[in-house]
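Each chain, written out:
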Number of protein chains: 2
Amino acid sequence: MAKRRIEVVFRRQDIPPETVAGRACAVIDVLRAGTSAAYALAAGAGEIRLFRHVNEAREARRGFGGGAVLAGERGGLRPEGFDLGNSPTDFAPEAVSGKTLFFTTTNGTAALAGCARARFVAFAGLVNAGPVAGALARRAEDVLLVCAGTEGRSSAEDVLCAGVIAGKVGAILHAGGAGGAGAAALTDAALVAVDFARFHQENPRRVVRASDHGMRLAGLGLGSDVDACSEVDSLDVTPVLRRGPLRLVRGAGAGAEEG
Amino acid sequence: MAKRRIEVVFRRQDIPPETVAGRACAVIDVLRAGTSAAYALAAGAGEIRLFRHVNEAREARRGFGGGAVLAGERGGLRPEGFDLGNSPTDFAPEAVSGKTLFFTTTNGTAALAGCARARFVAFAGLVNAGPVAGALARRAEDVLLVCAGTEGRSSAEDVLCAGVIAGKVGAILHAGGAGGAGAAALTDAALVAVDFARFHQENPRRVVRASDHGMRLAGLGLGSDVDACSEVDSLDVTPVLRRGPLRLVRGAGAGAEEG
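Residues numbered from 1 in each chain as written. Chains lettered and ligands numbered in written order. Predicted model: local features only at pLDDT ≥ 70, side-chain atom pairs only at ≥ 80, totals over all residues. Heavy atoms only, no water.

A.B. asks: Explain the overall build of chain A here, please?
C.D. replies: Helix and strand content of chain A: 11 helices and 10 strands. Its C-alpha atoms give chain A principal-axis dimensions of roughly 55 × 35 × 30 Å. Each of the 259 residues in chain A was classed as buried or not, and the buried ones make up 58%. With an accessible surface of roughly 9,700 Å², chain A has 48% of that area assigned to carbon and sulfur atoms. Side-chain charges in chain A split into 30 positive and 28 negative, and the spacing between the mean points of these groups amounts to 4 Å. (Helix = DSSP H or I, 4+ residues; strand = E, 2+ residues; numbered from the N terminus. Buried < 20%, exposed > 50% of the residue type's maximum accessible area, 1.4 Å probe, protein only. Areas by Shrake-Rupley, 256 points an atom, 1.4 Å probe, with all protein chains shown as cover. Lys, Arg positive; Asp, Glu negative; His and termini not counted. Charge placed at Lys NZ, Arg CZ, Asp CG, Glu CD.)

A.B. asks: Would you explain the relation of the copies chain A and chain B in this entry?
C.D. replies: Turning one copy of the chain about an axis and sliding it along that axis gives the other copy, so a rotation and a shift relate them. Relative to chain B, chain A is turned by 180° and slid 0.0 Å along the rotation axis, the superposed coordinates differing by an RMSD of 0.0 Å. Both copies of the chain, as the preceding transformation shows, are related through a two-fold rotation axis. Nearest to the rotation axis, the C-alpha of Phe196(A) is located 2.8 Å from it, this being the minimum over chain A. The residues that chain A uses at the interface reappear at the interface of chain B in 100% of cases, marking a shared surface. (Least-squares fit on C-alpha atoms with pLDDT ≥ 70 in both. Contact = heavy atoms within 4.5 Å.)

A.B. asks: Before we go on, may I ask you to explain unusual backbone geometry in this structure?
C.D. replies: Peptide bonds are trans in most cases, and residues, glycine excluded, mostly fall at negative phi. Look at the link from Gly244(A) to Pro245(A): it is a cis peptide, with omega at -5°. The omega torsion of the bond from Leu31(B) to Arg32(B) falls at -5°, within 30 degrees of zero and hence cis. Looking at the element boundaries, Arg32(B) is found in the loop between β2 (24-28) and α1 (33-42). With a phi angle near 60°, Asp233(B) is a residue other than glycine that sits in the positive phi range. Considering the arrangement of structural elements, one finds Asp233(B) in the loop between α11 (223-228) and β9 (239-242).

A.B. asks: Honestly, the packing of aromatic side chains in this entry has me stumped. Any pointers?
C.D. replies: Any two aromatic rings considered together are summarised by their centre-to-centre distance and by the angle between their planes. The full count for this structure, using the stated rule, is 8 aromatic pairs over all chains. Centroid distance Phe64(B) to Phe102(B): 5.2 Å. Interplanar angle 65°. Geometry classified as edge-to-face. Placement of the pair is Phe64(B) in the loop between α2 (54-62) and β4 (68-72) and Phe102(B) in strand β5 (residues 100-104), with a sequence separation of 38 residues. Here Phe102(B) falls in the buried class, since its relative accessible area comes to 1%. Taken together, the ring pairs in this structure connect Phe51(A), Phe64(A) and Phe102(A) into an aromatic cluster. (Phe/Tyr/Trp six-rings, centres within 6.5 Å; stacked < 30°, edge-to-face > 60°.)

A.B. asks: Mind showing me how you'd approach the pairing of β9(B) here?
C.D. replies: Residues in a regular strand project their side chains so that they alternate between the two faces of the sheet. All names here are of chain B. In this sheet, strand β10 (residues 247-250) lies alongside β9 in antiparallel orientation, the contact comprising 4 bridges. By the bridge assignment, Val240 is partnered in β10 with Val249. Where β9 hands over to β10, the hairpin turn is made up of 4 residues, of which Gly244 adopts a positive phi near 60°. (Pairing = 2+ DSSP bridges.)

A.B. asks: Before we go on, may I ask you to explain the packing of helix α8 (residues 188-199) of chain A against helix α8 (residues 188-199) of chain B in this structure?
C.D. replies: How two helices pack is summed up by the angle between their axes together with the distance between the axes. One way to put it is that α8(A) packs onto α8(B) with a least axis distance of 9 Å and a crossing angle of 75°. Judged by the inter-axis angle, α8(A) sits roughly perpendicular to α8(B). Across from Leu191(A), Val192(A), Asp195(A), Phe196(A), Arg198(A) and Phe199(A) in α8(A), the residues of α8(B) making contact are Leu191(B), Val192(B), Asp195(B), Phe196(B), Arg198(B) and Phe199(B). Grouping the amino acids of the contact of α8(A) with α8(B) by side-chain chemistry returns 8 nonpolar, no polar and 4 charged. (Axes fitted to C-alpha atoms, helices over the stretch in contact; angles between N-to-C directions. Parallel < 35°, antiparallel > 145°, perpendicular 65-115°, else oblique. Nonpolar A, V, L, I, M, F, W, Y, C, P; charged D, E, K, R; others polar.)

A.B. asks: Any chance you could explain the pattern of salt bridges here in plain terms?
C.D. replies: Working definition: two side chains of opposite charge can pair if their charged atoms are close together. This model, assessed by the stated rule, comprises 32 salt bridges over all chains. Close ionic contact of Arg11(A) with Asp14(B) constitutes a salt bridge, the shortest N to O distance being 3.0 Å. Taken together, the residues Arg11(A) in the loop between β1 (4-9) and β2 (24-28) and Asp14(B) in the loop between β1 (4-9) and β2 connect one chain to another. In this structure, the salt-bridge partner of Glu47(A) is Arg49(A), at a minimum N-O distance of 2.7 Å. (Salt bridge = Lys/Arg side-chain N within 4 Å of Asp/Glu carboxyl O.)

A.B. asks: Please explain the interface of chain A and chain B as it appears in this structure.
C.D. replies: At the interface, 25 residues of chain A touch 25 residues of chain B. Between chain A and chain B, a total of about 1,900 Å² is buried, with carbon and sulfur atoms accounting for 59% of that surface. At the junction of chain A with chain B, the criterion picks out 4 salt bridges. When the shortest N-O distance is used, the salt bridge between Glu7(B) and Arg153(A) registers 2.6 Å. Our count for the chain A to chain B interface comes out at 10 residue pairs in polar contact (both at pLDDT 80 or more). (Buried area = accessible area lost by both parts, 1.4 Å probe. Polar contact = N/O pair within 3.5 Å; in protein donor to acceptor, adjacent residues only side chain to side chain.)

A.B. asks: Explanation requested: the environment of Val9(A) in the structure shown.
C.D. replies: Residues and elements named next belong to chain A. By the element assignment, Val9 lies in strand β1. Looking at Val9, the relative accessible area reads 7%, which means it is buried. Taking the C-alpha atoms as reference points, Val9 and Ser154, 145 residues apart in sequence, are found 9.3 Å from one another. Not counting residues within four places of it along the chain, the set of residues in contact with Val9 comprises Asp14, Ile15, Pro16, Leu144, Leu145, Val146 and Cys147.

A.B. asks: Sorry, what's going on with helix α4 (residues 106-114) of chain B here?
C.D. replies: For the α-helix, the turn length of 3.6 residues means that residues three or four positions removed from each other point alike. Among the residues making up α4(B), those that are buried are Asn107(B), Gly108(B), Thr109(B), Ala110(B), Ala111(B) and Leu112(B). Close packing links the buried residues of α4(B) with β2, β3 (47-51), β6 (120-124), β9 and β10 of chain B.

A.B. asks: I keep staring at helix α6 (residues 156-174) of chain B and nothing clicks. Help me out?
C.D. replies: Residue and element names in this part refer to chain B. With 19 residues, α6 extends 27 Å between its outermost C-alpha atoms, agreeing within 8% with the 27 Å of an ideal straight helix rising 1.5 Å per residue. Of all the 19 residues making up α6, 14 are buried; the element is thus mostly covered by neighbouring parts of the structure. Of the residues trailing α6, Gly176 is marked for its positive phi of about 75°. (Expected span 1.5 Å × (residues − 1).)

A.B. asks: Please explain the confidence of the model for chain A as it appears in this structure.
C.D. replies: In low-pLDDT segments, the atomic positions of the prediction should not be examined closely. Averaged over chain A, the pLDDT score is 93; the fraction of residues at 70 or greater is 95%. Across residues 254-259 of chain A, confidence stays below pLDDT 50; counting only partners more than four residues off in sequence or on other chains, it has 15 contacts. (pLDDT = per-residue confidence, 0-100.)

Next comes the structure, spelled out in structure tokens:
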């Protein structure tokens, strides 16, 4: 049986346009949209509609009526008139259960839009690395892990998460799990990410705290967010991308995430 | 004193056009152009003129007369009519001492051209990571390390070398060497590269052999090249870029590489 390829790109700008359509993807945005989306769906939000611009989210929410929550950030902070910012622990059941979220985050939304033609797209942070890896392993396509990055640069916390997910997918496939799908072939970038994650496996939080984005959030008084975003596998949920409009819904477990 | 920034980009396509002009750069191409250039200058070549295309190198060499050596590769192999391919150990004193090299390598040349506006540009492999790090530490500018990569993808061996160099520059600055230039601030990508290199510091050759490009060269019967390219600090030479025409010359040691 052919080996399944596991590829990593270190920035969303590096998504290979010629091959993305045939892949099973995970977009990784540890700080904080990937983590917040996992919290929101785990807390019972119905779906998360995605917007790049604050005004787009505001207008869409206005036209929707009741049962809506407007959430997101600019420069790390909650925009004026928004119900929630982008602190993962704000997405609690009492705030979001049964609601439709209107969520704006520049970088994560752009990275998801860049993968929208793929067969399957999950949104990931460290908190749900395991469930996302399981969902990818159950697919048949080659895997593409996209680190969202920050302002066009690679983010250490996203590379760490890509390494954790790539390692887990590889381990599942090598063990013959997920229907005995066979072994995996890691690209060079995936090798780098996996070894980076191994180097820090005893204390992944240290990477997230030492990252450029982690230090910036701590400087805004959001250090507790950084710690929440560092808890590997604390949530059993896989946010899956749907199109028209671009939104995330909860994947329903083994084999049920088909796009 | 302000910390000097040490930045890494994982592919030559990611060179930041808005900031490169003010930086001290090293372009990293472990397999094999960065290694071959170090071998050639260590063996006494006068200078290495760089060409992206085989025919450009051929024509320039034709117009030059005696004392010229035509070298390079396409698909890993020596083009027809060339004196040398791109095997580092072919660049021995008896072949290149006192000669002008006309050298064509698509990826390394493109990466160097992408940094040509920088204040200082060295060309590096693992074989001369230490001398290149020393030259960068002696400069005053922020440091940019550019992994050449392969066909638009990150190469593990280049990331490894970037990590080795970034670690050495950081160690020199933290020790207050190079004129007491103060400490260094690593970007996230530099942190990833440094930790990847630390993870493999006992056996860097394993990374080069396991890399996509390393396996491809071994498949062409060039495994001994891969091993030669893996020998950290085996050569005490710093190839430095000059413009008009684009070429590499030997940097003359402490403080003498000013561009």
